[in-house]
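Here are the chains, one letter per residue:
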Amino acid sequence: MLECVGSQLAVETAVQLGRPGSIVGRVGVPHIDELDTNKLFWTNIGLRGGRAAVTTHDREILLEAVLDGRINPGKVFTQSFNLDEVQEAYQAMDERKAIKSLLVIAD
């Protein structure tokens, strides 16, 4: 099971859905104030986290998959913004109006 950078509720939901012995992974900077670890202990669920590796070796693999049509990033990006609208892009994600905002750098 994987929970990629979300709210405290998203992490708690991932833990609740995990089977005993599973591992919940958090990729990126967590947005969580506190977590009751009793559920993790009594169900033997692991919690891991770290930075996303998309700026290193994964970037080439992902870029090739997008360009070859094996991955459609349009299923992730739900709104597009120009570069000068970057604040609005982050606000749309913060207010849950966008799942992921796409910044368009050039036409």
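Note that residues are indexed from 1 along each chain, following the sequence as it is written. Per-residue local features are limited, in this predicted model, to residues with pLDDT of at least 70; the limit for side-chain atom pairs, both in listing and counting, is 80 or more; totals at the level of whole chains, interfaces and linings are taken over all residues. Hydrogens and waters are ignored; side-chain quantities use all the structure's heavy atoms.

Caption draft 1: The arrangement of the packing of aromatic side chains in detail. Each pair of aromatic rings taken from Phe, Tyr and Trp, with Trp reduced to its six-membered ring, is defined by centres within 6.5 Å and is described as stacked if the planes are under 30 degrees apart, edge-to-face if over 60, and tilted in the remaining cases. For the coordinates displayed, the defined rule picks out one aromatic pair. Aromatic pair Phe41 and Trp42: ring centres 4.9 Å apart, planes at 90°, arrangement edge-to-face.

Caption draft 2: Inspection of the pattern of salt bridges at higher detail. Here a salt bridge means any side-chain nitrogen of Lys or Arg lying within 4 Å of a carboxyl oxygen belonging to Asp or Glu. The final tally for this structure, using the stated rule, is three salt bridges. Arg70 serves as the salt-bridge partner of Glu64, at 3.7 Å between the closest nitrogen and oxygen. Among the salt bridges present, the one from Arg70 reaches Asp68, with a minimum N-O distance of 3.4 Å. A single network of salt bridges, built from pairs that share partners, joins Glu64, Asp68 and Arg70.

Caption draft 3: The arrangement of helix 1 (residues 8-17) in detail. The cut-offs for exposure are 20% and 50% of the maximum accessible area for each residue type, with area from a 1.4 Å probe on protein chains only; residues under the lower value are buried, those over the upper are exposed, and the others partly exposed. Put simply, DSSP H or I for four residues or longer makes a helix, DSSP E for two residues or longer makes a strand, and each gets a number counted from the N terminus. If you check which residues of helix 1 are buried, you get Val11, Ala14 and Val15. One side of helix 1 holds all its buried residues, which, seen down the axis, span an arc of 100°. Those residues of helix 1 that are exposed and angled more than 90 degrees off the buried face are Leu9, Gln16 and Leu17. In this context, the arc is that of the directions from the helix axis out to the C-beta atoms.

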